[in-house]
Amino acid sequence: MKLKYKLALIVSIISILTILFSTHFLYLETKNDYLELEKRDTLHQLEQVNGTIKNLIEVISTKSLDWSYWDNTYSFALDLNQEYIESNLNAETLTNLQINLMAFFDSKGNYLYSIFVDENNTFLNISNELQKEFQSDNLIFKTENTKGIIDFYNKPTIIAVQPILKTDGSGPSTGFILFGKILSKKDLGYLSETIKIPMDFVDFKLNSSTYVKPINENLIFGFIQFRDLYNTKDYIIKIESNREIIALSQKVIQNLVLTTIIILLITSITLTFTLNEYLLNNVVIKRLHSINEQIKSMQHKTYLNKRITVIGNDEIKDLSNRINKYLDSIEILNKNIQKKSSELSIANKQITQMLKDKDDFLIQVSHNLRTPLIPIKNLTEVLLKNKKICKKGKKDLEIIRRNANSLEYLTNDVLNLLSLDLNKNTIKFNNVKILDLLNENKQITYIECKNKNITAEINKEMMSKVISIIVNNSIKYKQPKLKSKINATIKKEKEKISIEISDNGIGIEKENITKIFNEFFKTEQYQGGETTGLGLTIAKKIITLHNGSIKAKSKGKNKGTTIKIEIPIKHSSSSI
């Protein structure tokens, strides 16, 4: 096939794909814009519903405020006089106020009197319901001008509560007046006619305050959530709208897509003829082919010093110059990489030797420290038993013994840490019953284990040390006047074993939870005997060698501590 036909075919394919992708993208983008517009329009309607409900709440609150600032109401809350009841508390009053409930409470929130009519204008005595719903400790009596929605008489009800004051607003308050209006479907119908938006209460769960959901091609629902005054229940109002915006968008999208297709077809035809005129130059193709062959010959690193040569003084020549500059940079970079690689190899060997020297030094120092400790401790014990030594002398000897013990603990713990690193590849793991492991530690008060045959591949000696470290810490950090209790729980969780050890000790401050496994960390709360601050560090190192994890949790000071260990049932030596 001739080049011009190939070019025409390529341009045609590209043009067709461009038309398909462009029209599809245009369709999706335009449709998404209209969907977003429809959503915003529905959200705007929901805002209107929200504003209408809030306005209704404000209206009822204003009405209740007018009655609460009235000398007659002020006196009624004190003496419950019959004249006030006969003159004001009747069906006509509730009808004029467009409410269902008016109730009075004393200054402590105790029920005094009420009048109530249901949605059918039937008088009902609901004093018992009011006393149950509005007890004296109810939050509505804690603040002034309380208003909102509650679930009352098994229906969503708008209430407004005001403190009763004199007409001039002075006090002290003699009680509270409560106005209530049941939000029935009939009331929602009136509101729907007012704002021209159909609405109704529905039983629906929302994860946000508003939600929009298209139902079909012609209908879309919007939902808005109102939370009650006690912040315990949600009321959902649903609105319905015709999808007029989407119907309009279909016509607009069809016209837009058709216009785009025509423009792209004309453009592609013009482009095909233009490109054929200018790209059928064999010189261009040959020169590009030459560059390609020269680059192929340089792919092996041996020929990085070679460069491309092209005859001419045009864009292709510029391209070859740029390629040569990149090759210069690559050659320099390759040399630098080789140099840095050699330097890093030397540095790595030096670091490895330094780490080994450090470990050897620490081991030697620890041994050298431990050697003289034995005669110091023995001599101190002998001198302490000598009756000829005075009290001050014995006191000084006690200081020597305590510090010698501290130094011995420290050297032993340092050696244990180093030993774990040096001998990690020679550790042996066997199948061990976890319950037997914990039963060996007699200081554990209680062990909970539903399956007594739970086993795991562990190094028993090392895991015993972990349990011992945790239990000893529970004893060290116990509350001074409280008997120490240490409980353990064993569970099998999928492919892991979980061990939790809890105590009733002095607990751990929140800011120290993440620090207790650090080397030499000691909490300021500890007032006991000797400790090096390396115990939990050693425990964590052992658990890590078992491919497990160890964590601590505490509710705070004097609320105990829980250490949780997780280890795999099957040990994998490759991950050490």
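Residues numbered from 1 in each chain as written. Predicted model: local features only at pLDDT ≥ 70, side-chain atom pairs only at ≥ 80, totals over all residues. Heavy atoms only, no water.

All right, on to the pattern of salt bridges then. When the charged atoms of two side chains with opposite charge come close together, those side chains can pair. Applying the stated criterion to the full structure yields 14 salt bridges. Between Lys155 and Glu119 there is a salt bridge, with the nearest N and O atoms lying 3.4 Å from each other. In this pair, Lys155 is assigned in strand S4 (residues 155–163) and Glu119 in the loop between strand S2 (111–116) and helix H5 (127–133), connecting sequence segments 36 residues apart. The exposure class assigned to Lys155 is partly exposed, which follows from its relative accessible area of 27%. Linking Glu440 and Lys460 is a salt bridge whose minimum nitrogen-to-oxygen distance equals 2.8 Å. Taken as a pair, Glu440 in the loop between helix H11 (434–439) and strand S11 (446–449) and Lys460 in helix H12 (residues 460–476) lie far apart in primary sequence, 20 residues in all. A relative accessible area of 44% means that Glu440 is categorised as partly exposed. (Salt bridge = Lys/Arg side-chain N within 4 Å of Asp/Glu carboxyl O. Helix = DSSP H or I, 4+ residues; strand = E, 2+ residues; numbered from the N terminus. Buried < 20%, exposed > 50% of the residue type's maximum accessible area, 1.4 Å probe, protein only.)

What follows covers a positive patch on the surface. Among the surface-exposed residues, Lys450, Lys491, Lys553, Lys555 and Lys559 lie close enough to one another that they form a single positively charged patch. Checked against the element boundaries, Lys450 lands in the loop between S11 and strand S12 (455–458). Residue Lys450 is classed as exposed on the basis of its relative accessible area, which comes to 82%. (Patch = residues over 30% accessible without salt bridge, like charges linked within 9 Å, V, L, I, M, F, W, Y side chains within 5 Å. Areas by Shrake-Rupley, 256 points an atom, 1.4 Å probe, with all protein chains shown as cover. Lys, Arg positive; Asp, Glu negative; His and termini not counted. Charge placed at Lys NZ, Arg CZ, Asp CG, Glu CD.)

On to the packing of H12 against helix H13 (residues 535–545). In the contact formed by H12 and H13, the axes pass within 9 Å of each other and the chain directions differ by 145 degrees. In this structure, H12 crosses over H13, and the sense of that crossing is left-handed. Packed against H12, whose contacting residues are Met462, Met463, Lys465, Val466, Ile469 and Asn473, the element H13 presents Gly535, Leu536, Ile538, Ala539, Ile542, Ile543 and Leu545 at the interface. (Axes fitted to C-alpha atoms, helices over the stretch in contact; angles between N-to-C directions. Left-handed = near helix turned anticlockwise from the far one by under 90°. Contact = heavy atoms within 4.5 Å.)

Taking 1.5 Å per residue, 17 residues should reach 24 Å; H12 reaches 24 Å between its end C-alpha atoms and fits that length. The set of residues buried in H12 consists of Met462, Met463, Val466, Ile467, Ile469, Ile470, Val471, Asn473 and Ser474. (Expected span 1.5 Å × (residues − 1).)

This brings us to the sheet that holds strand S15 (residues 549–553). Pairing within the open sheet is mixed, and its five strands lie in the order S11-S13-S14-S16-S15. Two strands close off the open sheet at either side, each with one partner strand: S11 and S15. Averaged over neighbouring strand pairs, the angle between their axes works out to 15 degrees when direction is ignored. Across four bridges, the pairing between S11 and strand S13 (residues 486–493) is parallel. Note that in S13 the partner of Cys449 across the bridge is Ile490. Most of the contacts of H12 go to strand S16 (residues 562–568), to which it runs at about 170 degrees, and overall it touches S13, strand S14 (496–503), S15 and S16. Sheet strands touched by H13: S15 and S16. Its angle to S15, the strand with the most contacts, is close to 140 degrees. (Pairing = 2+ DSSP bridges.)

This part covers the sheet that holds strand S3 (residues 146–152). Strand order in the open sheet made by the five strands is S2-S1-S5-S4-S3, with antiparallel pairing throughout. The sheet is open, and its two borders are formed by S2 and S3, each paired with just one other strand. Pairs of neighbouring strands in the sheet enclose a mean axial angle of 20 degrees, with direction left out of account. Note: S4 against strand S5 (residues 175–182), seven bridges, orientation antiparallel. Among the inter-strand pairings, Gln162 is bridged to a residue of S5, identified as Ile177.

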